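Descriptive analysis of the structure
Spelled out from the first residue to the last, the chains are:
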2 protein chains.
Amino acid sequence: MTTASSVPDPSGLHCLRCGLEVRGFAGCPRCAADGIGANAMPPLADLDGLELAGYPGGPWGWPETLPVSGSPVTLGEGGTPNIRLRTDPAALGDGRAPECGSELWVKYEGGNPTGSHKDRAMAVGVAAAVETGADTVCAASSGNAGAAAAAYAGRAGLRCVVFTTESVPSALAAQIDLLGAEQVRCAGGFPERNAAMAQAVAEHGWYPLTSYSSPSPGGNPYANEGYKSVAYELARDFAGRRIGAVVVPTSRADLLAGIERGFRELAAAGLVSAAPRMIAAEPAGAAPFTAALRHADRAAQERTRVESHPTAAFSLGENSPCWQGLDALWRSGGTAVAVAEKEFLAEQHRLAQQGLLLEASSAVAVSVARRMLRERPEPVVAIGTATGMKGLGPAE
Amino acid sequence: MTTASSVPDPSGLHCLRCGLEVRGFAGCPRCAADGIGANAMPPLADLDGLELAGYPGGPWGWPETLPVSGSPVTLGEGGTPNIRLRTDPAALGDGRAPECGSELWVKYEGGNPTGSHKDRAMAVGVAAAVETGADTVCAASSGNAGAAAAAYAGRAGLRCVVFTTESVPSALAAQIDLLGAEQVRCAGGFPERNAAMAQAVAEHGWYPLTSYSSPSPGGNPYANEGYKSVAYELARDFAGRRIGAVVVPTSRADLLAGIERGFRELAAAGLVSAAPRMIAAEPAGAAPFTAALRHADRAAQERTRVESHPTAAFSLGENSPCWQGLDALWRSGGTAVAVAEKEFLAEQHRLAQQGLLLEASSAVAVSVARRMLRERPEPVVAIGTATGMKGLGPAE
């Protein structure tokens, strides 16, 4: 008997695509056999009776919306600010005409405890792990998710093992180390890293906080529910004003899908009049959603494969569109936009000169949001997923 | 005629110690002639009619409490979380008995836009600069203040010059650069750096966002008013529960004095029943307040001089106690505590293992707060002034 048996399989999860009840954290096996990475999620929460004005923010602000019943694990995540960017030609510095009258906002997730939106997910994921009786959690990560997993595991007193590749930025590796997690650096790329984690989950029964199967269905469904709080906060902060679009840096679309679920819950309860369009922002070198949406029919979209190239937006990069992301784009009438390396690096620089130091992948979203301004009169919100403060220079 | 004449002197500032009306930003000249660095501040704000439950957080949450009337300059600063630390022996990892039943909290200021509490000050200081018509702001800084000055100047479209020494950590220098400020690295130490800034203020009329005179009176009085928001947030979040002590990493005591002023305003308006004791936490190698309070009479305390040694808590270090800090300690019945390098570095490590990556100077405050638990039954709050994410490793 291995320790694997000590962690019970999750229950109440159904494939988003085919409805199959799913055990385990590797997504839907039936859809995977069909070549499609589809996540299995709990039912949407019922927000009837909740009032946005009293929502305190963060995933634990409305614990009844989460599929865990144990004690919250928290480091004060969420409650991040919305910052309106200047869109006048002087701010753009290039003499272009004003983009239009609509507003460009960044929701700055870099203010979370470990510097990224991943904290919202890991707070809930680690609480779910505690609830199952796990003593060890694990994550496959290019950095931010690993740091968040390490922090929340430390907070809860669990052991944490993070599987990375040799290309993990050294600042992120250092952060994971300092936060007390063990790190397994896998030779090769994402497939080898994920295989190592899959083996650990199977052999040791470690609780998986991230995706590790192929084609990836997206992350741990309990963790992902933490992202709904981004939608709740936006709806509260925009207080009845309709948001035209929410632009999300997208890799496996955990955040994109979580925000869309949050808005869907809000709309169902009548707490927002209309959900915003969800927009997947991708670096041109790794843009499966953009490629998928070039196909006319959904069957072809689901089966899209692209080559993924290295990008400065190192936390992004998949070669197939996770189905949960396509579903969010379809449901919200959204789209996907790819941005050239040069364009989002220039955006990253411009944002910094205006006081906002963001990770390159966040600048991908701002670049896309800037384009959306021309199309719609409502405010556009880009999710600034992570701070640019990691990796500033050598440790002292 | 130099450009100096274009920036009007501040008005309505009076020396905290002797009451003299003071022009300029170098503190009280009469007290300086007496060898004492005393800041000149605007009158306390009247909070009558305000309700804590409706306070949205941050310095601009209650703009009427600030001595500036122009548009807010903001990057979403403030509204930082309070995180309760474990104080059981298992969490301490050393088998010591529980410290007692009282609660140990960290208010995590690392979630601010540039990663430190300085954002609260620079938001207000830059707004004050804009109001005077300044086109260039400047700061003398070992890092965090310079980064915050750079960010808020960038946000407001002002030029920013940061005076540093050669010992500025390279990650912080990189952050200041990325945020678009010019950096002047001064050979020598703090005196040479401050002299260079004083000359720039006098010759060019640049607006000074930090202290630059000797003995230091503490920072720009308008900027410092931004720190009152820490007290407002704590009072709101503890919602009527009495806080026993607030422990603040202290160098020139800008933050300590600002928090005390905020609590004094709250108490005057009946919004808190009692203000907490303010505690100055210092690294043993640079502990002027701890040394000062060893003297029995205040006249001797004011004139204390110590040798300041290099410390891992690099953002701390003065050789005389700024009078504003002594005043805050006296008024609140507080004290100052020095912590050995080894103790606060161990605390920093312990905090990280529990999920909180803080700058070393923040760990100084947590070390002191841990000791206070033994003395008082009420909750103790340590201010976690800055994130430990800067300087994690080389940039990619």
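So, here is what we can say about the structure in this document. (Residues numbered from 1 in each chain as written. Chains lettered and ligands numbered in written order. Predicted model: local features only at pLDDT ≥ 70, side-chain atom pairs only at ≥ 80, totals over all residues. Heavy atoms only, no water.)

1. Quick word on the overall build of chain A
The helix and strand tally for chain A stands at 14 helices and twelve strands. By the compact-globule yardstick of 21 Å for 396 residues, chain A fits well, its C-alpha radius of gyration being 20 Å. Counting only C-alpha atoms and orienting by the principal axes, one finds that chain A spans roughly 70 × 50 × 40 Å. Buried residues in chain A amount to 63% of all 396 residues. Sequence separation of at least 24 residues holds for 72% of the intrachain contacts in chain A that already meet a minimum separation of 6. With an accessible surface of roughly 13400 Å², chain A has 52% of that area assigned to carbon and sulfur atoms. Across chain A, the mean location of the 33 positive side-chain charges is 5 Å away from that of the 40 negative side-chain charges. (Helix = DSSP H or I, 4+ residues; strand = E, 2+ residues; numbered from the N terminus. Rg over C-alpha atoms; globule rule 2.2 N^0.38 Å. Buried < 20%, exposed > 50% of the residue type's maximum accessible area, 1.4 Å probe, protein only. Contact = heavy atoms within 4.5 Å. Areas by Shrake-Rupley, 256 points an atom, 1.4 Å probe, with all protein chains shown as cover. Lys, Arg positive; Asp, Glu negative; His and termini not counted. Charge placed at Lys NZ, Arg CZ, Asp CG, Glu CD.)

2. Topic: the packing of helix 3 (residues 118-132) of chain B against helix 4 (residues 144-156) of chain B
The geometry of a pair of packed helices is captured by two quantities: the angle between their axes and the separation between those axes. All names here are of chain B. Packing of helix 3 against helix 4 brings their axes to within 9 Å, and their N-to-C directions diverge by 45°. If you check the angle between helix 3 and helix 4, you find them oblique. At the point where helix 3 passes helix 4, the crossing takes the right-handed sense. Residues K118, D119, M122, A123, V126 and V130 of helix 3 form the contact with helix 4, whose participating residues are N144, A145, A148, A149, Y152, A153 and A156. (Axes fitted to C-alpha atoms, helices over the stretch in contact; angles between N-to-C directions. Parallel < 35°, antiparallel > 145°, perpendicular 65-115°, else oblique. Left-handed = near helix turned anticlockwise from the far one by under 90°.)

3. Here we look at the interface of chain A and chain B
Facing the 40 residues of chain A at the interface are 40 residues of chain B. Summed over both partners, the interface of chain A with chain B buries about 3400 Å², with 57% contributed by carbon and sulfur atoms. Three residues stand out in chain A for area buried against chain B, namely R155, M389 and L392 of chain A, and they jointly supply 19% of the buried area on that side. Summed over the shared surface of chain A and chain B, the number is zero salt bridges. Our enumeration of links across chain A and chain B arrives at two residue pairs in polar contact (both at pLDDT 80 or more). Those elements that provide at least two residues to the side of chain A that touches chain B are strand 3 (82-84), helix 4 (144-156), helix 5 (170-178) and helix 13 (341-353) of chain A. Here the side of chain A that touches chain B gets six residues from one element, more than from any other, and that element is helix 5 of chain A. (Buried area = accessible area lost by both parts, 1.4 Å probe. Salt bridge = Lys/Arg side-chain N within 4 Å of Asp/Glu carboxyl O. Polar contact = N/O pair within 3.5 Å; in protein donor to acceptor, adjacent residues only side chain to side chain.)

4. What to know about helix 4 of chain B
Residues and elements named next belong to chain B. An ideal rise of 1.5 Å per residue puts 18 Å on 13 residues; helix 4 measures up with 18 Å between its terminal C-alpha atoms. Burial within helix 4 is extensive, with twelve of its 13 residues counted as buried. Immediately downstream of helix 4, the backbone of G157 shows phi near 75°, a positive value. (Expected span 1.5 Å × (residues − 1).)

5. Observations concerning the relation of the copies chain A and chain B
For the pair of chain copies, the relating transformation is a rotation about an axis with a translation along it. Of the transformation superimposing chain A on chain B, the axial component is 0.0 Å and the angular component is 180°, with the fit at an RMSD of 0.0 Å. What the superposition gives is, in effect, a two-fold axis relating one chain to the other. A share of 100% of interface residues in chain A that are also interface residues in chain B marks the association as one of identical surfaces. (Least-squares fit on C-alpha atoms with pLDDT ≥ 70 in both.)

6. Notes on the packing of helix 9 (residues 254-268) of chain A against helix 12 (residues 323-332) of chain A
Residue and element names in this part refer to chain A. Across the interface, helix 9 lies against helix 12 with an axial gap of 8 Å and an inter-helix angle of 40°. Considered as vectors, helix 9 and helix 12 are oriented oblique to each other. For helix 9 against helix 12, the interelement crossing comes out left-handed. Touching D254, L256, A257, E260 and R264 of helix 9 are Q324, G325, D327, A328, L329, R331 and S332, all from helix 12. For the contact of helix 9 with helix 12, a count of residues per class yields four nonpolar, three polar and five charged. (Nonpolar A, V, L, I, M, F, W, Y, C, P; charged D, E, K, R; others polar.)

7. Section: the sheet that holds strand 5 (residues 136-140) of chain B
Residues and elements named next belong to chain B. Spatial strand order, 7-6-5-8: four strands in an open sheet with parallel pairing. Here the strands that pair on one side only, and so sit at the sheet edges, are strand 7 (182-186) and strand 8 (207-208). Taken together, the five bridges between strand 6 (residues 159-165) and strand 7 define a ladder with parallel strand orientation. Residue V162 lies in a different strand from strand 7, and its bridge partner there is Q183. Its contacts with the sheet put helix 6 (residues 190-204) on strand 5, strand 6, strand 7 and strand 8, and the angle it makes with strand 6 is roughly 155°. (Pairing = 2+ DSSP bridges.)

8. Some details on the pattern of salt bridges
Counted under the stated rule, the structure contains 38 salt bridges over all chains. The residue R303 of chain A makes a salt bridge to D34 of chain A at a minimum N-O spacing of 2.9 Å. With R303 of chain A in the loop between helix 11 (298-302) and helix 12 and D34 of chain A in the loop between helix 1 (29-33) and strand 2 (40-41), this residue pair connects regions lying 269 residues apart in the sequence. A residue is classified by how much of its surface remains accessible, and R303 of chain A, at 38% relative accessible area, is partly exposed. Residue D34 of chain A is classed as partly exposed on the basis of its relative accessible area of 37%. Residue E265 of chain B is joined to K228 of chain B by a salt bridge in which the shortest nitrogen-to-oxygen separation is 2.7 Å. Residue E265 of chain B is found in helix 9 (residues 254-268), and its partner K228 of chain B is found in helix 8 (residues 228-238); the two are separated by 37 residues along the sequence. Each member of the pair, E265 of chain B as well as K228 of chain B, is classed as buried.

9. Side note on the side chain of S320 of chain B
Along the polypeptide, S320 of chain B turns up in the loop between helix 11 (298-302) and helix 12 (323-332). The residues contacting S320 of chain B, other than those within four sequence positions of it, are P215, P288, T304 and R305 of chain B.

10. Details of the sheet that holds strand 11 (residues 335-339) of chain A
Residues and elements named next belong to chain A. Read from one edge to the other, the open sheet built from six strands follows the order 3-4-12-9-10-11, with strand pairing classed as mixed. Only two strands of the sheet have a single neighbouring strand rather than two, namely strand 3 and strand 11. For this sheet, the mean inter-axis angle between neighbouring strands, taken without regard to orientation, is 25°. Across the sheet, helix 12 touches strand 10 (277-283) and strand 11, and the angle it forms with strand 10 is around 135°.

11. Notes on the packing of aromatic side chains
The full count for this structure, using the stated rule, is 15 aromatic pairs over all chains. Measuring from ring centre to ring centre gives 5.1 Å for F25 of chain B and Y207 of chain B, while their planes differ by 65°; the resulting arrangement is edge-to-face. With a gap of 182 residues between them, F25 of chain B in the loop between strand 1 (14-15) and helix 1 (29-33) and Y207 of chain B in strand 8 connect regions that are remote in the sequence. You can call F25 of chain B buried: its relative accessible area is 9%. Considering the side-chain rings of W105 of chain B and F238 of chain B, the 5.3 Å spacing of their centres and the 75° angle between planes classify their relative orientation as edge-to-face. With W105 of chain B in strand 4 (residues 104-108) and F238 of chain B in helix 8, this residue pair connects regions lying 133 residues apart in the sequence. No difference in accessibility class separates W105 of chain B from F238 of chain B, as the two residues are buried. Here the aromatic residues F25, Y207 and Y222 of chain A are joined through ring pairs into a cluster of three or more. (Phe/Tyr/Trp six-rings, centres within 6.5 Å; stacked < 30°, edge-to-face > 60°.)

12. Focus on the side chain of N144 of chain B
Mapped onto the elements, N144 of chain B comes out in helix 4. Setting aside anything within four residues of it in sequence, one finds N144 of chain B in contact with S116, K118, L172, E359, A386 and K390 of chain B.

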